[in-house]
Every structure is written in structure tokens, then in C-alpha cells.
Amino acid sequence: MEDYLIEHCSPTLASLKTANLFNYIYDSDEQLHAYIDELNRNLRGKGVSIVILRKYEHSALIYVYREKKLQADLAQNGVEDFLKSFGYEKFSAGEAISVLQTRFEKEGTFPHEIGIFLGYPLGDVIGFIENAGRNSKCSGCWKVYCNECEAVRLFAKYEKCKEVYKRLFHQGKTAWQLTVAI
């Protein structure tokens, strides 16, 4: 699973981004939960947590996040009202993630408000929803509807981080060693 963390979550491990997602194929529930438990034991001390957002038969959507960054994102102007429109009532990181997990389970679709949980700007999340994913100014980690220059700068920063982390990982560093403590 460390390969997945490095490939998909380097900006979060480096504390550049609130969170990342990846799909993980597993052999058994026991194996999956053992991996998640081990990673949480190793990474929580550095401010990173990992939860399963959704499970299918032998496939799980894994959410890797920094709780302090998520809490700050949830406290930004307009976010609480935006999330209320999707049924969120409590706005601590843990409670909001719990509602997100429930929305995955009940609706069977990908809730678009997940962009908030990934650290995307509120304006871009709203723009994506209002435009049904079309008419963006540009795209990278997400589709951009507002501040294109800032987004392009962030996309380049995230890509550079991923390249550096992959190189260091292949040179023998572990995901734990590469995770920035905050």
C-alpha cells in the first residue's frame, strides 16, 4: 500500500495538500483493515489519518488526510452553508467524514462535495457542480473555475512533489520517513 500512498498522496504526506484519494484492490477484509490500522499507527503521529470511504468487493476507496488542514478547510467562509445543502449538520473533521461515508453508501454515486474534503477551493467545487464538469478554465488535480493562475501553480507544485517522493521512495525511503510531521 506504500506504493499507492507515494503515487497518489505525496502532496498530503508533504503537508502541501489537505487530502488525497486512491482506489485500492485487496484480497481480504482482514488484509485491508490490517494495512489501514498499521498505516494509521505509523502516520497519525505525523498528522496524517487514513479511512475507507467506500468498499466494494475487493476494492476500497481510501481517503488520506490531514485533520488540522481539513478542519481549517471546513471553517472557511461559505463552506458550512454549502455542506448544509447536502445534509451535513456537524462540522468537525470526523463528523463530516462520517457523513461523507454515509453519502457514498446511501447514494451509490460520487458526492461532488468531496472536493471540499480534498482541499479544492469552494468556488471550483461549486463551479464543477453548476457546470456539470464542463466549461472549466483548466484542469489538473481538479477542474478550475475561479483562480486559474493559483491552481496551475499548485498543480505544478503537487506534480514536483510526487516526482521527488517517487524518486526517494525508489531509493529506499519509506512513506513514514517521507511524511512531514506538523
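Residues numbered from 1 in each chain as written. Predicted model: local features only at pLDDT ≥ 70, side-chain atom pairs only at ≥ 80, totals over all residues. Heavy atoms only, no water.

A word on the side chain of Ser 59
- Assignment of secondary structure puts Ser 59 in strand β3 (residues 59-66).
- Judged by its relative accessible area of 12%, Ser 59 is buried. (Helix = DSSP H or I, 4+ residues; strand = E, 2+ residues; numbered from the N terminus. Buried < 20%, exposed > 50% of the residue type's maximum accessible area, 1.4 Å probe, protein only.)

Here we look at the environment of Ile 62
- Positionally, Ile 62 belongs in strand β3.
- Ignoring anything within four residues of it in the chain, the contact list for Ile 62 reads Asn 20, Leu 21, Phe 22, Tyr 24, Leu 32, Ile 36, Ile 50, Val 51 and Ile 52. (Contact = heavy atoms within 4.5 Å.)

Section: the pairing of strand β2 (residues 48-56)
- Among the nine residues of β2, seven are classified as buried, and the element is accordingly described as predominantly covered.
- Across eight bridges, the pairing between β2 and β3 is antiparallel. By the bridge assignment, Tyr 56 is partnered in β3 with Ser 59.
- A loop of two residues connects β2 with β3, the two strands running antiparallel in sequence, and His 58 in this loop sits at a positive phi of about 70°. (Pairing = 2+ DSSP bridges.)

Comments concerning the packing of aromatic side chains
- Going through the model one piece at a time under the given rule, you end up with nine aromatic pairs.
- A centroid spacing of 5.5 Å and a plane angle of 25° characterise the contact between Tyr 4 and Phe 22, whose relative ring orientation is stacked. One end of the pair, Tyr 4, is in helix α1 (residues 2-13); the other, Phe 22, is in strand β1 (residues 19-25), and 18 residues separate them in sequence.
- Between Tyr 4 and Tyr 24, the ring centres sit 5.0 Å apart and the planes meet at 80°, which makes this aromatic pair edge-to-face. Placement of the pair is Tyr 4 in helix α1 and Tyr 24 in strand β1, with a sequence separation of 20 residues.
- Owing to a relative accessible area of 6%, Tyr 24 belongs among the buried residues under this scheme. (Phe/Tyr/Trp six-rings, centres within 6.5 Å; stacked < 30°, edge-to-face > 60°.)

So, the pattern of salt bridges
- Counting across every chain of the model gives seven salt bridges.
- Arg 103 is paired through a salt bridge with Glu 113; the nearest N and O atoms lie 2.5 Å apart. With Arg 103 in helix α5 (residues 93-107) and Glu 113 in the loop between α5 and α6 (114-117), this residue pair connects regions lying ten residues apart in the sequence.
- Between Glu 150 and Arg 153 there is a salt bridge; the shortest N-O distance is 2.6 Å. Placement of the pair is Glu 150 and Arg 153 together in helix α8 (residues 148-170), with a separation of three residues, close to one helical turn.
- Through salt bridges with shared partners, a single network forms among Glu 7, Lys 162 and Lys 166. (Salt bridge = Lys/Arg side-chain N within 4 Å of Asp/Glu carboxyl O.)

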